[in-house]
4 protein chains.
Amino acid sequence: MKAVQLGKYHSAPELQDVADPKISGPLDVIVKIGGAGVCRTDLHIIEGQWEPKTGVELPYTLGHENAGWVVEVGSAVTNVAVGDAVILHPLVTCGLCRACRDGDDVHCLASKFPGVDTDGGYAEYLHTTARSAIKLDSTLQPVDVAALADAGLTAYHAVAKAARKLRPGDKALVIGAGGLGHIGVQVLRALSSVEMIVVDRNAAALALAAELGAEHTVLADGHQVEAIAELTGGAGAEAVIDFVGEGGALEDGVASLRRNGDYYVIGYGGTLNVPTIDIISAEINFIGNLVGSYNDLAELMVLAARGKVTLHTSSYPLAEFARALDDLDAGSVRGRAILVP
Amino acid sequence: MKAVQLGKYHSAPELQDVADPKISGPLDVIVKIGGAGVCRTDLHIIEGQWEPKTGVELPYTLGHENAGWVVEVGSAVTNVAVGDAVILHPLVTCGLCRACRDGDDVHCLASKFPGVDTDGGYAEYLHTTARSAIKLDSTLQPVDVAALADAGLTAYHAVAKAARKLRPGDKALVIGAGGLGHIGVQVLRALSSVEMIVVDRNAAALALAAELGAEHTVLADGHQVEAIAELTGGAGAEAVIDFVGEGGALEDGVASLRRNGDYYVIGYGGTLNVPTIDIISAEINFIGNLVGSYNDLAELMVLAARGKVTLHTSSYPLAEFARALDDLDAGSVRGRAILVP
Amino acid sequence: MKAVQLGKYHSAPELQDVADPKISGPLDVIVKIGGAGVCRTDLHIIEGQWEPKTGVELPYTLGHENAGWVVEVGSAVTNVAVGDAVILHPLVTCGLCRACRDGDDVHCLASKFPGVDTDGGYAEYLHTTARSAIKLDSTLQPVDVAALADAGLTAYHAVAKAARKLRPGDKALVIGAGGLGHIGVQVLRALSSVEMIVVDRNAAALALAAELGAEHTVLADGHQVEAIAELTGGAGAEAVIDFVGEGGALEDGVASLRRNGDYYVIGYGGTLNVPTIDIISAEINFIGNLVGSYNDLAELMVLAARGKVTLHTSSYPLAEFARALDDLDAGSVRGRAILVP
Amino acid sequence: MKAVQLGKYHSAPELQDVADPKISGPLDVIVKIGGAGVCRTDLHIIEGQWEPKTGVELPYTLGHENAGWVVEVGSAVTNVAVGDAVILHPLVTCGLCRACRDGDDVHCLASKFPGVDTDGGYAEYLHTTARSAIKLDSTLQPVDVAALADAGLTAYHAVAKAARKLRPGDKALVIGAGGLGHIGVQVLRALSSVEMIVVDRNAAALALAAELGAEHTVLADGHQVEAIAELTGGAGAEAVIDFVGEGGALEDGVASLRRNGDYYVIGYGGTLNVPTIDIISAEINFIGNLVGSYNDLAELMVLAARGKVTLHTSSYPLAEFARALDDLDAGSVRGRAILVP
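Calculation rules
Residues numbered from 1 in each chain as written. Chains lettered and ligands numbered in written order. Predicted model: local features only at pLDDT ≥ 70, side-chain atom pairs only at ≥ 80, totals over all residues. Heavy atoms only, no water. Contact = heavy atoms within 4.5 Å. Buried area = accessible area lost by both parts, 1.4 Å probe. Salt bridge = Lys/Arg side-chain N within 4 Å of Asp/Glu carboxyl O. Polar contact = N/O pair within 3.5 Å; in protein donor to acceptor, adjacent residues only side chain to side chain. Helix = DSSP H or I, 4+ residues; strand = E, 2+ residues; numbered from the N terminus. Nonpolar A, V, L, I, M, F, W, Y, C, P; charged D, E, K, R; others polar. Domains from an automatic or database assignment. Pairing = 2+ DSSP bridges. Phe/Tyr/Trp six-rings, centres within 6.5 Å; stacked < 30°, edge-to-face > 60°. Buried < 20%, exposed > 50% of the residue type's maximum accessible area, 1.4 Å probe, protein only. Lys NZ or Arg CZ within 6 Å of the ring centre and 35° of its normal. Axes fitted to C-alpha atoms, helices over the stretch in contact; angles between N-to-C directions. Parallel < 35°, antiparallel > 145°, perpendicular 65-115°, else oblique. Left-handed = near helix turned anticlockwise from the far one by under 90°.

Tell me what's going on with the interface of chain C and chain D, and back it up with residues and numbers.
Contacts between the two partners involve 18 residues from chain C, matched on the other side by 18 residues from chain D. Contact between chain C and chain D buries roughly 1600 Å² in total, counting both sides, with carbon and sulfur atoms accounting for 47%. Looking at the side of chain C facing chain D, the largest losses of area belong to C:Leu96, C:Arg101 and C:Asn295, adding up to 49% of the total buried there. If you look at where chain C meets chain D, you find two salt bridges. The salt bridge partner of C:Asp105 is D:Arg101, with a shortest N-O separation of 3.3 Å. Our count for the chain C to chain D interface comes out at 10 residue pairs in polar contact (both at pLDDT 80 or more). Looking at the side of chain C that touches chain D, the elements with two or more residues in it are α3 (98–101) and α11 (294–305) of chain C. A total of three residues in the side of chain C that touches chain D trace back to one element, the largest contributor, which is α11(C). Here the residues of the side of chain C that touches chain D are counted per class, giving six nonpolar, six polar and six charged.

Account for the interface of chain A and chain D, with residues named and values stated.
On the side of chain D, 41 residues touch chain A, which itself brings 41 residues to the contact. Carbon and sulfur atoms make up 51% of the area that chain A and chain D hide from each other, which totals about 3000 Å². Contact with chain D buries surface across chain A, with A:Thr276, A:Ile280 and A:Glu283 losing the most and accounting together for 21% of the total. One can count six salt bridges joining chain A with chain D. A salt bridge links D:Arg98 to A:Glu238; the nearest nitrogen and oxygen atoms lie 3.6 Å apart.

Provide a residue-level description of the environment of A:Val56, including the pertinent values.
All names here are of chain A. Summarising the element assignment, Val56 is placed in the loop between α2 (51–54) and β4 (60–61). Put simply, Val56 and Thr118 are 62 residues apart on the chain and 6.8 Å apart in space, counted from C-alpha to C-alpha. Look past the residues within four positions of Val56 in its chain and what remains in contact with it is Tyr9, Val116, Asp117 and Thr118.

Summarise the domain arrangement of chain A; cite the residues concerned and give the values.
Residue and element names in this part refer to chain A. Split by domain assignment, chain A resolves into domain 1 (2–148 + 292–340) and domain 2 (153–288). Across the interface of domain 1 and domain 2, roughly 1100 Å² is buried in total on both sides, 65% from carbon and sulfur atoms. Linking domain 1 to domain 2 there are four residue pairs in polar contact (both at pLDDT 80 or more). Each residue belonging to the side of domain 1 that touches domain 2 can be placed in one class, and the counts come to seven nonpolar, four polar and three charged.

Before we move on, can you summarise the sheet that holds strand β2 (residues 14–17) of chain C with the specific residues and values?
Residue and element names in this part refer to chain C. Sheet architecture is open: three strands sit in the order β2-β1-β4, paired in antiparallel fashion. Each of the sheet's edge strands pairs with one partner strand only, and the pair in question is β2 and β4 (60–61). As paired elements, strand β1 (residues 2–6) and β4 share two bridges and run antiparallel to each other. Across the sheet, the residue bridging to Leu6 is Tyr60, located in β4.

Describe the packing of aromatic side chains, listing the residues and the values that go with them.
According to the stated counting rule, one finds four aromatic pairs over all chains in the structure shown. Each ring, one from B:Tyr263 and one from B:Phe286, has its centre 5.4 Å from the other, and the planes form 40°; the classification is tilted. You can see B:Tyr263 sitting in strand β13 (residues 257–265) and its partner B:Phe286 sitting in strand β15 (residues 285–288), a full 23 residues away along the chain. Exposure remark for B:Tyr263: the relative accessible area of 0% places this residue in the buried category. Overall, the relative accessible area of 0% leaves B:Phe286 in the buried class. Lying over the aromatic face of B:Trp50, B:Lys53 brings its terminal NZ or CZ to 5.9 Å of the ring centre. Between the NZ or CZ atom of B:Arg101 and the centre of the ring of A:Tyr294, over which it lies, the distance is 3.9 Å.

Quick rundown of the pattern of salt bridges? Include the residues and the values.
Opposite charge on two side chains lets them pair, provided their charged atoms get close. Counted according to the given criterion, the structure contains 56 salt bridges over all chains. With its nearest N and O atoms 3.1 Å apart, the salt bridge here joins B:Lys2 to B:Asp17. Taken together, the residues span a long stretch of sequence, with B:Lys2 in strand β1 (residues 2–6) and B:Asp17 in strand β2 (residues 14–17) at a distance of 15 residues. Accessibility expressed as a relative area gives 35% for B:Lys2, which makes it partly exposed. Judged by its relative accessible area of 58%, B:Asp17 is exposed. Its salt-bridge partner being B:Glu195, residue D:Arg306 comes within 3.5 Å of it at the nearest N-O pair.

Explain the packing of helix α5 (residues 151–165) of chain A against helix α6 (residues 179–191) of chain A to me, using residue names and the numbers behind them.
Helix-helix packing is described using two parameters, namely the angle between the two axes and the distance between the axes. Residue and element names in this part refer to chain A. Where α5 meets α6, the axes come as close as 8 Å, and the angle between the chain directions of the two elements is 40°. Accordingly, the angle class assigned to the pair α5 and α6 is oblique. Where α5 crosses over α6, the two elements pack in a sense that is right-handed. Residues Ala151, Gly152, Thr154, Ala155, Tyr156, Val159, Ala160 and Ala163 of α5 form the contact with α6, whose participating residues are Leu180, Ile183, Gly184, Val187, Leu188 and Leu191. Here the residues of the contact of α5 with α6 are counted per class, giving 11 nonpolar, three polar and no charged.

Lay out the sheet that holds β1(B) in plain terms, naming residues and giving numbers.
Note: strands within a sheet are paired through backbone hydrogen bonds, in either parallel or antiparallel orientation. All names here are of chain B. Strand order in the open sheet made by the three strands is β2-β1-β4, with antiparallel pairing throughout. Whereas interior strands pair on both sides, the edge strands pair on one side only; in this sheet they are β2 and β4 (60–61). Bridge analysis of β1 against β2 gives four bridges, and the strand direction is antiparallel. Within the sheet, the bridge partner assigned to Gln5 lies in β2 and is Glu14.

See the structure below:
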């Protein structure tokens, strides 16, 4: 089959002929790719940033946001069948460690990460297991939801966690209404009646956030902290949901958090720097968020099937992967770029 | 190998020569039995009470409370290794359904129940999977903990659920300090500082409960409701943990439950019969409890390894299974009967 | 002032001249009534059903669903001010007992219940305290929200509790879409993305439920259990929210509850009658619900201010209270009847 | 009466004759002081560090850890009576704001803090309200528990929060076994079966921690991170409970926190400095902790009454307050210093 493989760091990936993946264990699943999301992480992998973390042997196939159709299953697979349209949880987990046994897949002690530390979905077929495959509702197409597999899941996991604590009358500040953020806005709207304030540097992103249900939008023009203070009666928001995590977002967010409030860290890049006296005297919490569980992704697919979470995508044929990566690098993709074999 | 099989309902099981179990899948585990608990449910199976529920094909091997040593593992087993002493979760679960993915093993949509609907542990060897095997601490012997696999797990699951809500100053009423109940008393003592009241018909059981840490014991002599009312200042207990569930226990328990209290149903046999006006005007809850998860059993093994939960047992050689069943039926077993191959 | 007082059980209440209420303590609040809901409980009080429970001294003023404007406050009142439009929590609570200190107002050990055990709101003015008064958003009128003070609060409390556990993909069965039920449907829609099934005997109630956001409606025509089973793939609903609690609703609800599901008891009249083996083998829970807290009512007012919960009402001048009670008794009130002094 | 008042910042407080406090409202309570804890915060107040925060008008009476006997109550006080021995929650709260109505007293929007922003307990009598007074069990003396009112409450609040999430098999790292820390160790032992590791620079503090139930103690000698790593199998602890919060404790704590773990910030002084990529890639949480609620203090008194939490104290007559402050400053108090009028 055809696959886009990275042969050398700092070099362009190439379309290669590789062997078709094969079933080797009873929980194995082979998926014909219907769509593979092109993500900024792919650029970072090519640039070698992930080499020290994964030590993956080159060449290997990129692509960690995958959806498609099941074409073959091992003897013990019961949750999906040949012909099913599926989205794939980004991790292939062991199912045996304490974390897996608690439904906390992300902290599996022995997971694989296709597209990152083993062959991924920039290809015609992908080898995965039953533990990663979620059957799609008949109204959903793999190409439309592939990008929810990782970016969408991360937003869902954090926002659903926040929504479980928020009550009518609470205010939530969403920092960043871009790729992950605009999914977060939709999830928060679907799961709660909180009063939502969205802050972003980009007026178009704010317009989209308002359309998706945010009650208030604030342009990050240097006066955003004052604007947010005014919207929260000077007390701050019960929850800050930060999809940016760098470049002043953290300082703004901490300054906008209410006493006894929760700060959800999702975006990253910067450093959280808070005197402990501020943490205890306001009794605030900082909550880390990493991807999400298999069941989180299944829940997100329910919202997608009901049209409560939608995503703009631009399709590229698999052979034009280089153009997709270039467009992403140049910031010229409309929505998320999706490779279609 | 030798195995105690039930060949016909209403007939005595017999010791047979049967084929040794074999590894057929990569998650399979073969365990050499070190101890198999003899339980009242085994008597009920022999009497045919479970026939309509399980439809298990006869002959098959009894024994659903099992512990031993791993002698062979499939290629994908990572949580236990050959030579490990293990206790076995009573269910063999699929790992793929929504319940399994939430850590809620008991509600697996495709589980098997060795000793009940497939071959169990009254035998030299047992076929199970990695999803049921928990490695024992070096201080624990299979023969000593086997009976915790089902009875102990059920008590742990319910009591740990109750303990998570109880606060110092709350009172918990434990109904029944027999087989499950006396494990429940130990678990409640290990996990909380609640004030514990134990009621039973049997003075010896109450003496044991007091020794295990109950602050108050009440003999069920017809005046128990008044005695409990006095111990709770007339207001009732924040939690009732009912290991009996029949024969007046329910009426006593409901009468002893505080407003806004939780009634944990574990024992069964009787019928809960409460006017809805009483449920709403006191805003009380009735909480069902069924076995427990794999992680619940792992937690119970931690308590056992620290000596916080112990159990009296009487060993019988496997070949003397008939005597063990007779003793159980006659009520003459001291503690729990354990078959040792 | 004028007040509608009950002078004798089994006799019609009468409009009387009574002394105006006065501030006597620093937390006292006097409210000029803007609307007082007329409720079936008022009929039951007149019929003497509540006499043994409350022992209230006659004559006294009816009316337990009250809203209006603050006209006088005690020296320590800080949460409302003269001129504020307010809704009143149905209980006047002590603020000192353990329940009050946990925010669990309903289980206050020393509460008063205006309209039930002390003078209520069928009058020009009402004596209450700061602990019962919630300032209304400027978009809300007392006459429009008065009936949310008790009926609406009860629905909100139960449904919000259920919503905190429900996830996308779960199904909730709402039994009864009448007075409380149709508020419950609106609250459930505002707080979750659960798939909602509503069952009722009345086709018009079902039409309203569908309009308010229920995905499925089922007419209780004798085949409702089968219809619900079909809608839940034979597995039942993760939550049953029962606003009826009598006359077959309980049997239908229990039969429609999924393994590991939660049954919220709100309506009453019947008797819950379930074998304990069914409670434990399906591991189901029965959750009582009684009114709601002060903060619950504040949250409901947020939903009301956003138009997410609305209520049909029919106003009657205070002097025409007898017509309102007769209309209620005859079932001819459109929506909720509200007395307006 | 006699009272120790601060007349000028940076000057020694002085024993003065002041007017006896009087009942002015129905919830007021006058307490004859049985013991008032002398705390490092008192030194900071004298040094003027709190002046910009509280703006309290001088002179005023110090003392924020108070217990004694009720000598007079207002007309609406129902929870304590004249003659009762009581401990006082450090805040006098309004009971009307949203936080108070949720049982979250510490975030009351209108609280007073006797000894800090109004007259405190270095005196013969103290003016407080029913909302701060907790009746003591007959086995407890005010002088013995006074220091639990603030220091003990803070430790209880944080540790009880941690204990509700911890399971048998989890490990908890307690940083600091001094004043607050050794109370935290006792609370953690009373409320959970977690495996406890305590780290401190002081060998005597570690010896005490071991006596109070810690399974492991680690001397902070520069190799503590390695020692903790070894005790946690290299994975870190599920919870870090940090009573230090400065001077390397934070770095050690973060390095010893397990993936998906919770870091409870209690001590302060240093600055939390963590790259957001570390927060998200390990999905860790930082949880602020500030004093505790009225009900938290009531729960702590239950543990104290059962002998599960004890405290070393050294009594000083009220007139010898200067010696107590000097001893505290010099580090020569054995346990906590308590002033006794």
